[in-house]
Amino acid sequence: MSEQQPDENGKEPLMQRVLDNPFILLFVGVAFPSVLYLVWGIMEIVSVPLGQ
Amino acid sequence: MTSISPPKNRLWWNEPIEKVELIWITLVFLWGLVMAFMMPYWHVAGNQNLSNETYKITPAAYLAKTQAMVDQYTVRTGPAPKNFPVVHPPAGSDVYLVARLWDWWPILELEKDQTYRVHLSSIDWQHGFSLQPAAINIQVVPDYEHVVSLTPNKAGDYSVFCNEYCGLLHHTMINTIHVVE
Amino acid sequence: MNNTLFRVCPDTGLKFHRPAETLMKANAVAAVVFLLVGGFYALLVGLTRWQAVHLLAADQFYMVLTLHGLNVLIFWILFFEIALLYFCSSTLLGCRLAAPRFAWVGFALMLIGAVMNNVIVLQGNSSVMMTSYAPMGAHPVFYLSLILFAVGALIGCFVFFGTLVIAKDEKTYEGSVSLVTFGAITAAIIAVFTIISGAIILIPTLLWSLDLIAHIDALMYRLIWWGFGHSSQQINVSAHIAIWYAIAAIMFGAKPLSEKVSRMAFLMYILFLQLASVHHLLVDPGLSSEFKMFNTSYAMYLAVMASMVHGLTVPGSIEAAQRAKGLNNGLFEWLRKAPWGNPTFSGMFISLVGFGFLGGISGVVMGTEQINILLHNTLYVPGHFHATVVIGTTLAFMALTYWLVPILFRRELVMKKLASWQPYLFGGGMAGVALFLMGAGTVGVPRRHWDISFSDAAGAVYEFPGAANTMLALNGVFVILAVAGGAAFCVIVVASLLFGKKLGEDEKSPVPLIAEPPADADYEGIGSGTITVPGTLVFALVFFASFAIYYFVNWKYLGETWGIS
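So, here's what we can say about the structure.

## Details of the overall build of chain C
Stage number 1. Helix and strand counts for chain C stand at 17 helices and 3 strands.
Stage number 2. Computed over the C-alpha atoms, the radius of gyration of chain C is 23 Å, within 12% of the 24 Å expected from 2.2 N^0.38 for a compact globule of 565 residues.
Stage number 3. The principal-axis extents of the C-alpha atoms in chain C amount to approximately 75 × 55 × 45 Å.
Stage number 4. Buried residues in chain C amount to 69% of all 565 residues.
Stage number 5. Looking at chain C alone, contacts between residues at least 24 apart form 82% of all its contacts between residues at least 6 apart.
Stage number 6. Carbon together with sulfur atoms contributes 69% to the accessible area of chain C, which is approximately 17,400 Å² in total.
Stage number 7. Charged side chains in chain C number 28 positive and 27 negative. The centres of these two groups are separated by 7 Å.

## Remarks on the interface of chain B and chain A
Stage number 1. The interface is formed by 14 residues belonging to chain B together with 18 residues belonging to chain A.
Stage number 2. The largest contributions to the chain B side of the interface with chain A come from Arg10(B), Leu11(B) and Trp13(B), which together make up 36% of the buried area.
Stage number 3. Summed over the shared surface of chain B and chain A, the result is 0 salt bridges.
Stage number 4. Seen at the junction of chain B and chain A, the total is 4 residue pairs in polar contact (both at pLDDT 80 or more).
Stage number 5. Per element, the largest residue contribution to the side of chain B that touches chain A is 3 residues, and it comes from strand β1 (residues 54-56) of chain B.
Stage number 6. For the side of chain B that touches chain A, the residue count by class is 6 nonpolar, 3 polar and 5 charged.

## Overview of the side chain of Glu44(A)
Stage number 1. Turning to its location among the elements, Glu44(A) is positioned in helix α2 (residues 22-46).
Stage number 2. Buried Glu44(A), no salt bridge; nearest opposite-charge side chain is Lys292(C), N-O distance 7.8 Å.
Stage number 3. Once residues lying within four places of it in the same chain are set aside, the contact partners of Glu44(A) are Gly286(C), Leu287(C), Ser288(C) and Phe291(C).

## Points about the sheet that holds strand β2 (residues 74-77) of chain B
Strands in a sheet are paired, the pairing made by backbone hydrogen bonds, and the direction either parallel or antiparallel.
Residue and element names in this part refer to chain B.
Stage number 1. With mixed pairing, 7 strands are arranged side by side in an open sheet as β2-β3-β6-β12-β11-β8-β9. Unpaired on one side and paired on the other, β2 and β9 (136-140) mark the two borders of the sheet. With direction set aside, neighbouring strand axes in the sheet form an average angle of 25°.
Stage number 2. Taken together, the 4 bridges between strand β8 (residues 127-132) and strand β11 (residues 156-162) define a ladder with antiparallel strand orientation. Bridge pairing links Phe 129 to Cys 162 in β11.

## A short note on the side chain of His449(C)
Stage number 1. Position of His449(C) among the secondary structure elements: in the loop between α15 (416-442) and α16 (466-499).
Stage number 2. His449(C) sits in the buried class, given a relative accessible area of 1%.
Stage number 3. Here His449(C) is in contact with Cys162(B), His170(B), His171(B), Arg49(C), Phe61(C), Tyr62(C) and Phe454(C), once residues within four sequence places are set aside.

## Side note on the interface of chain B and chain C
Stage number 1. With 87 residues of chain B at the contact, the number on the chain C side is 111 residues.
Stage number 2. Counting each side, the surface lost to burial between chain B and chain C is near 8,700 Å², with a carbon and sulfur contribution of 67%.
Stage number 3. For the pair chain B and chain C, the number of links is 4 salt bridges.
Stage number 4. The tally of links from chain B across to chain C stands at 44 residue pairs in polar contact (both at pLDDT 80 or more).
Stage number 5. When contributions to the side of chain B that touches chain C are tallied by element, the ones reaching two or more residues are α1 (19-45), β1, β8, β9, β10 (144-151), β11 and β12 (174-180) of chain B.
Stage number 6. Examining the composition of the side of chain B that touches chain C, we find that 20 residues originate from one element, α1(B), more than from any other.
Stage number 7. Here the side of chain B that touches chain C is composed, by residue class, of 49 nonpolar, 27 polar and 11 charged.
Stage number 8. As paired elements, β10(B) and strand β3 (residues 563-564) of chain C share 2 bridges and run antiparallel to each other. Looking across to β3(C), one finds that Thr151(B) is bridged to Gly563(C).

## Description of α1(B)
For an α-helix, the turn length of 3.6 residues means that residues three or four places apart are oriented alike.
Stage number 1. Taking 1.5 Å of rise per residue, 27 residues should cover 39 Å, and α1(B) covers 38 Å from first to last C-alpha, within 8% of that figure.
Stage number 2. The sharpest bend along α1(B) comes to roughly 30°, located at Met39(B), with the proline Pro40(B) sitting one to four residues further on.
Stage number 3. Those residues of α1(B) lying buried are Val20(B), Glu21(B), Trp24(B), Val28(B), Trp31(B), Gly32(B), Met35(B), Ala36(B), Met38(B), Met39(B) and Trp42(B).
Stage number 4. On its buried face, α1(B) sits against α8 (259-272), α9 (289-296), α10 (298-324), α12 (343-366) and α17 (534-559) of chain C.

## Some remarks on helix α7 (residues 231-252) of chain C
Residues and elements named next belong to chain C.
Stage number 1. Along its 22 residues, α7 runs 32 Å from first to last C-alpha, staying within 8% of the 32 Å computed at 1.5 Å per residue.
Stage number 2. Counting buried positions over the 22 residues of α7 gives 22, a clear majority of the element.
Stage number 3. Just downstream of α7 lies Gly 253, where phi reads positive at about 70°.

## Re the packing of helix α3 (residues 100-122) of chain C against helix α4 (residues 140-169) of chain C
All names here are of chain C.
Stage number 1. In contact at an axis separation of 7 Å, α3 and α4 are set at 155° when each is read in the N-to-C sense. When the axis of α3 is compared with that of α4, the two are roughly antiparallel. Every pair of crossing elements has a handedness; the one defined by α3 and α4 is left-handed.
Stage number 2. Each residue belonging to the contact of α3 with α4 can be placed in one class, and the counts come to 20 nonpolar, 5 polar and no charged.

## Points about the pattern of salt bridges
Residues and elements named next belong to chain C.
Stage number 1. Tallying each qualifying case throughout the model produces 24 salt bridges over all chains.
Stage number 2. Close ionic contact of Lys 501 with Glu 507 constitutes a salt bridge, the shortest N to O distance being 3.8 Å.
Stage number 3. The exposure class of Lys 501 is partly exposed, given its relative accessible area of 47%.
Stage number 4. We classify Glu 507 as partly exposed; its relative accessible area is 34%.
Stage number 5. Three or more residues are tied together by salt bridges with common partners; here these are Glu 412, Lys 416, Lys 501 and Glu 507.

## Some thoughts on a nonpolar patch on the surface
Stage number 1. Side chains of Val39(A), Ile42(A), Met43(A) and Val46(A) sit close together on the surface and give an oily, nonpolar patch of about 350 Å² of accessible area.
Stage number 2. Residue placement: Ile42(A) occurs in helix α2.

What counts as what
- Residues numbered from 1 in each chain as written.
- Chains lettered and ligands numbered in written order.
- Predicted model: local features only at pLDDT ≥ 70, side-chain atom pairs only at ≥ 80, totals over all residues.
- Heavy atoms only, no water.
- Helix = DSSP H or I, 4+ residues; strand = E, 2+ residues; numbered from the N terminus.
- Rg over C-alpha atoms; globule rule 2.2 N^0.38 Å.
- Buried < 20%, exposed > 50% of the residue type's maximum accessible area, 1.4 Å probe, protein only.
- Contact = heavy atoms within 4.5 Å.
- Areas by Shrake-Rupley, 256 points an atom, 1.4 Å probe, with all protein chains shown as cover.
- Lys, Arg positive; Asp, Glu negative; His and termini not counted.
- Charge placed at Lys NZ, Arg CZ, Asp CG, Glu CD.
- Buried area = accessible area lost by both parts, 1.4 Å probe.
- Salt bridge = Lys/Arg side-chain N within 4 Å of Asp/Glu carboxyl O.
- Polar contact = N/O pair within 3.5 Å; in protein donor to acceptor, adjacent residues only side chain to side chain.
- Nonpolar A, V, L, I, M, F, W, Y, C, P; charged D, E, K, R; others polar.
- Pairing = 2+ DSSP bridges.
- Axes fitted to C-alpha atoms, helices over the stretch in contact; angles between N-to-C directions.
- Expected span 1.5 Å × (residues − 1).
- Bend = angle between axes of the 7 residues up to and from the residue.
- Parallel < 35°, antiparallel > 145°, perpendicular 65-115°, else oblique.
- Left-handed = near helix turned anticlockwise from the far one by under 90°.
- Patch = residues over 30% accessible without salt bridge, like charges linked within 9 Å, V, L, I, M, F, W, Y side chains within 5 Å.

Next up, the structure:
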C-alpha cells in the first residue's frame, strides 16, 4: 500500500483527528455515561412518588 | 509496523476496510438490532416483565400495611418455631411481604392462575427476593415499596430465600410461599 | 537525548525511561503480591461452598469472600493496569514519563489503601462484601482505604495523560499513537469515569459511617456505586484487549486488519461500555424499563458489537501475519502451527476464547432486561465474571508478564516447562469454575451464601436439585486446579525475578523476544479469494451461532415461569 501524507493543509480527516485527541475522547467518555446513566438514573430515583 | 507502533500510513482513516470485517460488522450490527428489539417486544408479547411501580415508604408505614393484611386474612399458623401467620388474601388483591434481618414475613398462600399485586420492601438492609424453583429474583431495597404483579402457574410449595448478602445470618433467611389450586 | 535517563532494550528496540521502568516494576510486583493474597482466599471460598467440605465458619466465610473480591478484583488488577498505562505511554511512545514523583505518590496511596483495607477487613467488622451496600455499614477505615486507593489510581491516570501530552510535544512519535496505546487510552478514560463515580458515592458513605451524614439512600447508593463497580471491570476489558493486540504484535509481528475498524471499536467502548453498570439494577425498584433497556443494551448493543469486532480482528491480525509468513494452507494451518508451548501466546489465546465464549455470551444474555429475573444474584453472576475478569483479564495479564520478565526486569524466565503448562492449568481450571458456577446459578443457587442446605434456618428449608451440590463440588475441584495454576504463576515470576539468569542491559536474550513483522508485499494474495482471514471468519461464525442459540434458549426458559407484570 502506498503511503499517504496529509493533504496540503496538513489536515487529517475529521474523524481521525477526533480519534487522535485523547482529551476530546476523555470528555465524551465521561460525559456520555454521566448523562445517560448517572444523571438519568438519579432523576428517576428522585422522582419516585411517596407512598401513603 | 505492528499494533504496538504508530500506523505507517499517516492517513489510516482513508484505508479501505477488510472484506471480512465488513461482513462481520454487518452481521453483528443486525444481531444487535435483533437483541435490542427483543426486550421491548417481550414487553408487548411476553408474560414476564418486571413492573416499575415503586413508592417511597418508611419502614413503619410498610409494616403497618402488612400488619393490616395479616390481621384480615390470616387463615392458620405456620410451622414452629417461628409460628408465622399464614395469610390467604383474596385473588387480585394487594399482598405484602416484609424482608427483614433475617426473615420473610408473613407466609403467603396464593391461588394458582390468579394475579396478585405483591408488594416488596425491606425494613432494614438490602435483601434479595429469590423465589425457587420458579427462578424469580428481585432486589428488595429499604425505603422503597416495589409493587410486582405475580401470577403463579403451578401449585406447590415454593421457597423464598435471600440472595443479597445481609449479614451474619443471611443464609438462614428463608420462608415458604404456598400456591394452591 | 540523555542516555542515563533512557535505556534501549537490545531485544525489542523499545526505549525505557528509567524512572518509568522502576515505577512499572513496583506496580507489577505489588500486583502479583495481591494476586497471591487474593488467590489464597479464593481457595478458602471454593472449599467452603463445596457443601461436603464446608471449610470455614459463616463469619469467616463472609470475611474471606470480602477479602477475595477486593484483593483480586481491585488491587491485583489496578496495580497491573497502572504498570500497563506507563508501559503503553512512556515505553511504546519512547518518551519520558510525566511527573514520576507524582506517580510515586499515587503508588504509595494505592499501597497504603490496599494494605489498610486488608487489615480492617481482617479485624472482622467490615465483612460487607466488595459492594458494601448501604445501609449495611462497615468501619469508616474501610471506605477511607478504598478512597485512598482510588485517588492513587486516579493520579496514575493523570500521569498517563500527561505522558501522552509530553510525547506529542516532544514529537517522540510520528502521526497517531499505536493501536495498543489507543486501547490503553480507552482504559484510562473509563478509569476516570469509574473513579469519579466512586468518589461521588464513597465520600458521602465515609461521612455517613462517621455519623456526619444521617442517611444514605440505598437505591441511590446502588446506582452510583455500580457506576464505579461495574465500570472498573470495563477498564479491564479495554486493558486486556489492548494486551491481546500487543501480544499479537509481539509474537507474530501482526498489524491491525484495519486501524479504522479497531479504533472505532474502542471508541464504542469509550462512549457506551460504562452504561452496562445497569446490569446490576435490572430487577431493582424505582428505575424505568426505558432506562434499563437503553443502558443494559449499551445503546443498541454498540459496545457488544465492538467486542465482537475485537474478537474477530485480534485473531484475524494473527492469521493474516501467519499467512503472510507462508502458513497459508487450508483454514487453520496458521493456528495449528502457532507457538502453543509459549505461555505468552497460549495465555492470550485462552483468554480470548474464554472471554468470548464463556464471559461475553453469558454477560449479554444475563444482561437482557427480562432474562435477568432468572439469574440476578445467583451464582451465575460470579460464574460470568470469573470468565471475563479471570480468564479474560487475569490470564491476559499473566501472558504479558511472561514476556515482561526478560524485557522489563532483564531476567530470564525460570521453570520454563511449568510456565508452558501454566496457562492451560489456570485457564482450564477457571473455565471449570465459570461453567459450574453458572450451572449452579441456573438452578437458583444464590451467590454470597454460606450454606444452601439451610441447616441453621429455623423451620423452612429449600431442597435444590441434586445437580446443585454436584456442581458446587465440581466447582471446588476446579478451584483447586485454578489456584494451583495461579500459584504456579506467582512462583515462576517471583523465582525468575530472584534467581533468573541476569541479562545485561545490552545483552540480547538467547531466544528472540519479538517477531519480525512480515513485509507489506507478503500480505498480498493471502487467504482464499478476497477473504484474507477465512479461518478467523469460520471461528467467528461458530461463535455467532453459539451466541444466538443460547440467547433464545434463555427466552424460552423465561417464558415458562410465573407471569410477572
